[in-house]
Amino acid sequence: MYGHIRFFEHFTKQYITNFFKFADYIELNDNVLSLLFERLDIKTAEEFFEMLDLEFLVITKGKKGAEFLYRENGNIISISKEPNVIINSVDTSGAGDAFFSTLLKEYAYTKTINKNFIDKAFSLANQASRNILMQFGSRKV
């Protein structure tokens, strides 16, 4: 999912809902989500999740970790996770991509989203993004 805040800034509610129409899994940072709340006239991540009928929503919050929303027995479950280790980042380029791609890789192996999945996948995704944050540029040359 494209997470740059300027991408959504001029789009209508109808355009945005059509844009996300076929998505099951979305990752956004908290700044983009705030803009979407304004554009879609909603107040919570749960409303956004329900409006788009998602299976999995990840809201990244930088050093504050991430929030995960998923469905379990018809209910929307929200789990917030904070990193165990905070580092001084050299460059944030690619950190969100590393985070979400690691989550998707773990999902491809398990095919299940639950608390155990969130705990394990967050730990691995956090490590992957931390590795990116400690170097200049999104990959080693």
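Just so it is clear, the structure is predicted and the values come from calculations on it, not from any experiment. (Residues numbered from 1 in each chain as written. Predicted model: local features only at pLDDT ≥ 70, side-chain atom pairs only at ≥ 80, totals over all residues. Heavy atoms only, no water.)

Caption draft 1: Structural view of helix α4 (residues 95-110). In this model, α4 (16 residues) spans 23 Å end to end at C-alpha, consistent with the 22 Å of a helix rising 1.5 Å per residue. The complete set of buried residues in α4 reads Ala-95, Ala-98, Phe-99, Phe-100, Thr-102, Leu-103, Glu-106 and Tyr-107. Following α4 by one or two positions, Lys-111 has its phi on the positive side, about 60°. (Helix = DSSP H or I, 4+ residues; strand = E, 2+ residues; numbered from the N terminus. Expected span 1.5 Å × (residues − 1). Buried < 20%, exposed > 50% of the residue type's maximum accessible area, 1.4 Å probe, protein only.)

Caption draft 2: Looking closely at the nonpolar core. Within the largest apolar cluster, 19 residues are counted, with the highest numbers of intra-cluster contacts made by Ile-26, Leu-36, Phe-48 and Leu-57. Of all the elements in the fold, those that place two or more residues in this core are α1 (13-20), β1 (25-29), α2 (30-40), α3 (45-52) and β2 (56-60). It is α2 that contributes the most residues to this core, five residues altogether. Ranked by size, the runner-up nonpolar core spans 16 residues in total, among them Ile-79, Phe-99, Leu-103 and Ala-121. (Core = buried A, V, L, I, M, F, W, Y, C linked by side-chain atoms within 4.5 Å.)

Caption draft 3: Fine view of unusual backbone geometry. One non-glycine residue, Asp-41, adopts positive backbone phi at about 55°. Residue position: Asp-41 is located in the loop between α2 and α3. Not every positive phi belongs to a glycine, and Asp-53 is a case in point at roughly 50°. Take Asp-53: it is sitting in the loop between α3 and β2.

Caption draft 4: Highlighting the side chain of Glu-106. On the secondary structure map, Glu-106 appears in helix α4. Glu-106 sits in the buried class, given a relative accessible area of 6%. Look past the residues within four positions of Glu-106 in its chain and what remains in contact with it is Phe-117, Lys-120, Ala-121 and Leu-124. (Contact = heavy atoms within 4.5 Å.)

Caption draft 5: Highlighting the sheet that holds strand β4 (residues 75-81). Across the sheet, which stays open at both edges, the four strands sit in the order β1-β2-β3-β4 with mixed pairing between neighbours. Every other strand in the sheet has two partners, leaving β1 and β4 as the edge strands with one partner each. Between one strand and the next, the sheet's axes are offset by a mean angle of 15°, whatever the strand orientation. Each of β1, β2, β3 (66-72) and β4 is contacted by α3, which is oriented at about 45° to β3, the strand it contacts most. (Pairing = 2+ DSSP bridges. Axes fitted to C-alpha atoms, helices over the stretch in contact; angles between N-to-C directions.)

By themselves, these are just geometric observations and shouldn't be taken as functional.
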